[in-house]
Amino acid sequence: MVVAVVVTRDHFLFVLCLLCSTVPALAGVLPDDRADVLYHSYDGGGVDITGPSVLVLKKIGQNVAVSGNYYVDSISSASIDVVTTASKYSEDRTEVSVGADYMHGDSIMSIAYTNSDEDDYESDTASFGVSMDMFGNMTTVSLGYARSWDTVENNNDPSFSKDVDRQNYKVGLSQVLTKDMIMELNYEAITDEGFLNNPYRSARYVDPTSPVGYSYEPEVYPNTRTSNAIAVRALYYLPWRAATYAEYRFFDDTWDITAHNIEIGYIHPLESGWILEGRYRYYTQNAADFYSDLFPRQDSQNFLARDKELSEFTSNTIGFTVSYDFVQNGWYAIDRGSVNIAYDHILFDYDDFRDLRKKNAPVGKEPLYDFSADVAQIFVSIWF
Amino acid sequence: MNILMKTWTVITVCCSLFLAGCTSVEPWVKPYERAHLADPIMNFQRNPVSSAYMTHVYQAREAARGAEGGHGGGCGCN
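Peer 1: Would you take a moment to explain the overall build of chain A for this structure?
Peer 2: For chain A, the helix and strand inventory stands at two helices and 18 strands. Projected onto its principal axes, the C-alpha coordinates of chain A cover approximately 75 × 60 × 40 Å. Going through the 384 residues of chain A one by one, you find that 49% of them count as buried. Residue pairs in contact within chain A that sit at least 24 positions apart in sequence constitute 58% of those at least 6 positions apart.

Structure below.
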């Protein structure tokens, strides 16, 4: 058995092979053949984003499944950042993913490739994963690795082009606890290296020479970031054919951001083919150590951020999904079909990001910013 | 980076050793007791395209990222 630990990237693949070789062969399960067509809409904080998402997953023979996903964000943005420091813009982001699963005994190996393209940002991601069912199919262990190569551009400066490299490491455990309860535990570490800030966003500093009392300077972020996230989820079957679930996730990173989120939900099927789901989610984070809504002077520190996503804030989400199975017992080539409507209402409350649209407030005493977002989805799922 | 790689390697090696020594564990939930677990509502990824979208909605507006789940499998119901 291996006792020496050599820290190299190749060692990761070696350990994967070791893990595969020490587990007895049982029977894995490939996902069912299905197709999903979804239309999404996000409306909040002056930002409208709509678009489709299409997912197709198909088995080829007994041991291989392939999948493809096409996703579009059509963005029209007049967010508070845009209103206070830039002008309204519209753009599209298109994401295409392809993947394949190969089942061997109780193991499933997966590879995938994703390309995301917009006017000023391009990203390519390749990923590899392996999962294994064991202990009488009561436990599933999964490992995953992904690498991304991003290019950041600036529509105002054609010569601007910066790279970002990203690596993801995942470990997952899914466990049947009782005949009514299943839980999963996931850990993911992500490392980034390169140009990590938004080339358009600015930091604000006190400027007595400015008529409004402050001015802007470009944000400056560190070139590296490493984050860790661990999440536990549980799903419980209730005595009256319904299910309830709960989730907790802890997150921290090398920018000194710590975040927690919890989610609870309830799923209630009706005999006529309807399924109702309600959910609540709470999220909180503190600020990055180089974030400030208002820096005391220009170039006051090495790293500068005024991105509200890096500030201290909380959000609360309440949502529901209504599903109806329009094919329940097979119809021609379709085994099952459902139509679904989902709606989530999110409230964001910022503790250190001020609303600069209020012009008469003293500098640094403007009201804190908050906004709500409506997120709607309609989608059709077909199993065949 | 070195700390991250060391942590990652130790976790995976420990998993290997653990799994190699535990191949004879008897399942305490028998296959014929898994009717509830096989119900479509008992799936963490019941609507994968919708879950992926909501993950994207949150990731774009929050600093936290990762461990969203969705690695599939688990109940051994089929």
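Peer 1: How do you make sense of the confidence of the model for chain B when you look at a structure like this?
Peer 2: Close reading of the predicted structure is inappropriate where its pLDDT is low. Mean pLDDT for chain B: 75, with 56% of residues reaching 70 or above. Between residues 71-78 of chain B, whose pLDDT stays under 50, and residues either more than four places distant or in other chains, the model counts 28 contacts.

Peer 1: Is there a simple way to think about the nonpolar core in this case?
Peer 2: Note on soluble globular proteins: their nonpolar side chains tend to be buried together. Counting residues in each nonpolar core, the largest one holds 40 residues, and the members touching the most others are Tyr42, Trp255, Leu310 and Phe348 of chain A. Put simply, the parts of the chain that give this core at least two residues each are strand 2 (47-60), strand 3 (64-77), strand 8 (157-178), strand 12 (224-238), strand 17 (336-354) and strand 18 (368-383) of chain A together with helix 2 (48-59) of chain B. The residues touching tryptophan 255 of chain A, leaving out its near neighbours within four places in the chain, are Leu196, Tyr221, Pro222, Thr224, Arg225, Ala287, Ala288, Asp289, Phe290 and Leu310 of chain A. In this structure, Val176 and Ile267 of chain A together with Leu37 and Ile41 of chain B belong to the second largest nonpolar core, which totals 13 residues.

Peer 1: Is there a simple way to think about the side chain of glutamate 184 of chain A in this case?
Peer 2: Tracing the backbone through its elements, the reader meets glutamate 184 of chain A in strand 9 (residues 181-194). Judged by relative accessible area, glutamate 184 of chain A falls into the buried class, the value being 4%.

Peer 1: It is not clear to me how the pairing of strand 14 (residues 258-269) of chain A should be interpreted in this structure. Could you clarify?
Peer 2: In the case of a regular strand, side chains alternate between the two sheet surfaces. All names here are of chain A. Alternating positions in strand 14 separate cleanly, Ala259, Asn261, Glu263, Gly265, Ile267 and Pro269 being buried on one face and Thr258, His260, Ile262, Ile264, Tyr266 and His268 remaining unburied on the opposite face. In this structure, strand 13 (residues 242-253) lies alongside strand 14, joined through 10 bridges in antiparallel fashion. In the sheet register, tyrosine 245 faces strand 14, and the bridge partner there is glycine 265. In textbook terms, the turn of a hairpin is the stretch between consecutive antiparallel strands, and for strand 13 and strand 14 this stretch comprises four residues, one of which, aspartate 256, has a positive phi near 70°. Relative to strand 15 (residues 274-285), strand 14 is paired through 11 bridges, and the arrangement is antiparallel. Bridging from a neighbouring strand, proline 269 pairs with isoleucine 275 of strand 15. Following strand 14, the chain reverses through four residues before pairing antiparallel with strand 15; glycine 273 in that reversal takes a positive phi of roughly 100°.

Peer 1: Explanation requested: the packing of aromatic side chains in the structure shown.
Peer 2: Residue and element names in this part refer to chain A. Taken as a whole, this structure holds 20 aromatic pairs over all chains when the rule is applied. When the ring of phenylalanine 313 is compared with that of tyrosine 350, the centres are 5.1 Å apart and the planes differ by 40°; the resulting orientation is tilted. Here phenylalanine 313, found in strand 16 (residues 313-327), pairs with tyrosine 350, found in strand 17; they are 37 residues apart in sequence, far enough to count as distant. When its relative accessible area of 0% is taken as the criterion, phenylalanine 313 is described as buried. Exposure remark for tyrosine 350: the relative accessible area of 3% places this residue in the buried category. Above the plane of the ring of tryptophan 383 lies arginine 336, whose end atom (NZ or CZ) is 4.2 Å from the centre.

Peer 1: It is not clear to me how unusual backbone geometry should be interpreted in this structure. Could you clarify?
Peer 2: With the exception of glycine, the majority of residues adopt a negative phi angle, and the majority of peptide bonds are in the trans configuration. Residues and elements named next belong to chain A. Even without a glycine there, the phi angle at arginine 241 is positive, about 50°. Considering the arrangement of structural elements, one finds arginine 241 in the loop between strand 12 and strand 13. You can call arginine 241 partly exposed: its relative accessible area is 36%.

Peer 1: Would you mind going over the pattern of salt bridges with me for this structure?
Peer 2: Any two side chains of opposite charge can pair, so long as their charged atoms come close to each other. All names here are of chain A. Counted under the stated rule, the structure contains 29 salt bridges over all chains. Linking aspartate 192 and arginine 166 is a salt bridge whose minimum nitrogen-to-oxygen distance equals 2.6 Å. Of this pair, aspartate 192 sits in strand 9 while arginine 166 is found in strand 8, placing the two residues 26 residues apart along the sequence. For aspartate 192, a relative accessible area of 5% translates into the label buried. Here aspartate 307 makes a salt bridge to arginine 201, at a shortest N to O gap of 3.0 Å. Remark: arginine 201 occurs in the loop between strand 9 and strand 10 (202-206) and aspartate 307 occurs in the loop between strand 15 and strand 16; sequence separation between them is 106 residues.

Peer 1: What am I meant to see in a nonpolar patch on the surface here?
Peer 2: Residue and element names in this part refer to chain A. A cluster of nonpolar side chains, contributed by Tyr39, Phe326, Val339, Ile341, Ile378 and Val380, occupies part of the molecular surface with about 490 Å² of accessible area. Among the elements of the structure, strand 17 and strand 18 are those that each provide at least two residues to the nonpolar patch. Its location among the elements puts valine 339 in strand 17. Judged by relative accessible area, which is 31%, valine 339 ranks as partly exposed.

Peer 1: What is the right way to read a negative patch on the surface from this model?
Peer 2: A cluster of acidic side chains, namely Asp92, Asp117, Asp119, Glu122 and Glu153 of chain A, defines a negative patch on the protein surface. Within the secondary structure, aspartate 92 of chain A is located in strand 4 (residues 89-104).

Peer 1: In this structure, what is going on with the environment of aspartate 120 of chain A? I would like to understand it.
Peer 2: Residues and elements named next belong to chain A. With respect to the element layout, aspartate 120 can be found in the loop between strand 5 (107-118) and strand 6 (121-134). Between the C-alpha atom of aspartate 120 and that of arginine 93, which follows or precedes it by 27 residues, the distance is 9.7 Å. Discounting chain neighbours no more than four positions away, the residues touching aspartate 120 are Glu91, Thr151, Val152, Glu153, Asn154, Asn155 and Tyr200.

Peer 1: I'm lost on the environment of aspartate 117 of chain A in this one. Help?
Peer 2: Residues and elements named next belong to chain A. Within the secondary structure layout, aspartate 117 lies in strand 5. Taking the relative accessible area as the measure of exposure, aspartate 117 reaches 35% and is therefore partly exposed. For the pair formed by aspartate 117 and threonine 151, sequence separation is 34 residues and the distance between their alpha carbons is 9.8 Å. When residues no more than four places from it in sequence are discounted, the contact partners of aspartate 117 are Asp92, Arg93, Thr94 and Glu122.

Peer 1: Hey, could you run me through the pairing of strand 13 of chain A in this one?
Peer 2: In terms of strand pairing, strand 12 of chain A meets strand 13 of chain A through 12 bridges, oriented antiparallel. Paired with alanine 234 of chain A across the strands is alanine 246 of chain A, a residue of strand 13 of chain A.

Here is what the cut-offs are and how they apply
- Residues numbered from 1 in each chain as written.
- Chains lettered and ligands numbered in written order.
- Predicted model: local features only at pLDDT ≥ 70, side-chain atom pairs only at ≥ 80, totals over all residues.
- Heavy atoms only, no water.
- Helix = DSSP H or I, 4+ residues; strand = E, 2+ residues; numbered from the N terminus.
- Buried < 20%, exposed > 50% of the residue type's maximum accessible area, 1.4 Å probe, protein only.
- Contact = heavy atoms within 4.5 Å.
- pLDDT = per-residue confidence, 0-100.
- Core = buried A, V, L, I, M, F, W, Y, C linked by side-chain atoms within 4.5 Å.
- Pairing = 2+ DSSP bridges.
- Phe/Tyr/Trp six-rings, centres within 6.5 Å; stacked < 30°, edge-to-face > 60°.
- Lys NZ or Arg CZ within 6 Å of the ring centre and 35° of its normal.
- Salt bridge = Lys/Arg side-chain N within 4 Å of Asp/Glu carboxyl O.
- Patch = residues over 30% accessible without salt bridge, like charges linked within 9 Å, V, L, I, M, F, W, Y side chains within 5 Å.
- Areas by Shrake-Rupley, 256 points an atom, 1.4 Å probe, with all protein chains shown as cover.
- Lys, Arg positive; Asp, Glu negative; His and termini not counted.
- Charge placed at Lys NZ, Arg CZ, Asp CG, Glu CD.

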